[in-house]
Amino acid sequence: MDYENRYATYQNAVEEYLDHLFTEEKPYDRLYEAMRYSILAGGKRIRPVLTLEFARLGGIDWRLALPYACALELVHNYSLIHDDLPCMDDDELRRGKPTNHRVYGETLAILAGDALQPEAFRLIAQAPGMSAESRIDAVEVLAKACGADGMVAGQVLDTVYDVEDVMGLTNLIRLKTGAMISGAAELGCAAAGMSKEKRAQAVVFADQLGLAFQIRDDVLDVVGDETTFGKPIGSDKEEGKVTFVDVLGLDGCNQEVEACTNRAKAAVADWEDHDFLWELADRMVGRKS
């Protein structure tokens, strides 16, 4: 199966799985509506795609890993809802649509995000076809990726501290963005029971992919097209944030994205079936959205 077809197959499976969540009639239907508004808003689904691909590379039917992949996507979307709030980045657009709090109000948006996080762990706990050991492993991976030493720590660095140099920005990215991308790869490994050596290589691949992804994001915030990018251009500058563009310049950022991409590819170069991962890494370099 070529790259385009495999990616579309994974993406469609994720969309279908998510579309079946939170559909029951409840006396608090607006909560479910707000949750579904965000999780069904589209996006590239890079994180769950990584989970499914690493599960496949680990030798299992990748469909078994869908609960793990979509659990991480629930956490990712909770983080986006909260990231867009007035007390954080105060964004009005996400993926070209009004942000959750612009549609449902701050209170319900916060609660929708709050609900998505524990629901993610329920998906893992109830994942059919997975052993108890695998589920525990997956819970630990996701908790570490999104917790106080992962994504939340990155958000703290981004909003509370003044990070202004390359080392600080790299650490911020590794926590805020990279931890969840690495976690996505590691969830696929956990689903497949992959060896420690392969798992370590998968994490290096995803770590470098995450760095490339966010540095490219910083570039697009300066030179991107708002319609394609899905959110206002120049928002980082308006918020007074220092980004990689500020410290490396556009040319330096493009060089660093390429270097990260090469390091990601090198991490899995010895894998027999690495073509999809390599293509995914290459596409990060020139993405427009």
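What counts and what doesn't
- Residues numbered from 1 in each chain as written.
- Predicted model: local features only at pLDDT ≥ 70, side-chain atom pairs only at ≥ 80, totals over all residues.
- Heavy atoms only, no water.
- Buried < 20%, exposed > 50% of the residue type's maximum accessible area, 1.4 Å probe, protein only.
- Helix = DSSP H or I, 4+ residues; strand = E, 2+ residues; numbered from the N terminus.
- Contact = heavy atoms within 4.5 Å.
- Axes fitted to C-alpha atoms, helices over the stretch in contact; angles between N-to-C directions.
- Parallel < 35°, antiparallel > 145°, perpendicular 65-115°, else oblique.
- Left-handed = near helix turned anticlockwise from the far one by under 90°.
- Nonpolar A, V, L, I, M, F, W, Y, C, P; charged D, E, K, R; others polar.
- Patch = residues over 30% accessible without salt bridge, like charges linked within 9 Å, V, L, I, M, F, W, Y side chains within 5 Å.
- Areas by Shrake-Rupley, 256 points an atom, 1.4 Å probe, with all protein chains shown as cover.
- Salt bridge = Lys/Arg side-chain N within 4 Å of Asp/Glu carboxyl O.
- Core = buried A, V, L, I, M, F, W, Y, C linked by side-chain atoms within 4.5 Å.

> How do you make sense of helix H8 (residues 151-159) when you look at a structure like this?
A turn of α-helix holds 3.6 residues, and therefore any two residues three or four places apart point the same way. Of all the residues in H8, the buried ones are Met151, Ala153, Gly154, Gln155, Leu157 and Asp158. In the core, the buried residues of H8 are packed alongside helix H4 (66-83), helix H7 (132-146) and helix H9 (166-192).

> Even after reading the chapter, I still don't get the packing of H4 against H8, so can you show me in this structure?
Two packed helices can be described by the angle between their axes and the distance between those axes. Where H4 contacts H8, the axes come no closer than 12 Å and their chain directions differ by 20°. By the angle class used here, H4 and H8 are roughly parallel. Considering the relative orientation of H4 and H8, their crossing is right-handed. Facing H4, whose interface residues are Val75, Tyr78, Ser79 and Asp83, H8 presents Met151, Val152 and Gln155. Residue composition of the contact of H4 with H8, grouped by class: four nonpolar, two polar and one charged.

> Sorry if this is basic, but what is going on with the side chain of threonine 51 here?
Among the secondary structure elements, threonine 51 is positioned in helix H3 (residues 46-57). We classify threonine 51 as buried; its relative accessible area is 0%. Beyond its immediate chain neighbours, meaning those up to four positions away, threonine 51 contacts Ala65, Tyr68, Ala69, Ala184, Leu187 and Gly188.

> What's the story with a nonpolar patch on the surface in this structure? I'm lost.
Taken together, the side chains of Val152, Val156, Val160 and Tyr161 present a nonpolar region at the surface, about 360 Å² in accessible area. Residue placement: valine 160 occurs in the loop between H8 and H9.

> When you look at the nonpolar core in this model, what are you seeing that I'm missing?
A general tendency of soluble globular proteins is for nonpolar side chains to be buried together. Core analysis: the largest hydrophobic core is formed by 72 residues, its most contacted members being Leu50, Phe54, Leu74 and Phe205. The element that contributes the greatest number of residues to this core is H4, accounting for ten residues. In contact with phenylalanine 205, other than residues within four places in its own chain, are Leu50, Phe54, Ala264, Lys265, Ala267, Val268, Leu277 and Ala281. In this structure, Leu172, Ile173, Leu175 and Cys260 belong to the second largest nonpolar core, which totals 16 residues.

> Help me understand the pattern of salt bridges, please; the structure alone is not making it clear to me.
A side chain with one charge can pair with a side chain of the opposite charge if their charged atoms come near. Scanning the entire structure with this criterion turns up 19 salt bridges. Here glutamate 53 and arginine 56 are joined by a salt bridge, their closest N and O atoms 2.9 Å apart. Placement of the pair is glutamate 53 and arginine 56 together in helix H3, with a separation of three residues, close to one helical turn. Owing to a relative accessible area of 0%, glutamate 53 belongs among the buried residues under this scheme. Note that aspartate 83 is salt-bridged to lysine 176, the shortest N-O span being 3.7 Å. Residue aspartate 83 is found in helix H4, and its partner lysine 176 is found in helix H9; the two are separated by 93 residues along the sequence. The same class applies to aspartate 83 as to lysine 176, namely buried. Overlapping salt bridges bring together Asp83, Asp84, Arg94, Asp158 and Lys176 as one network.

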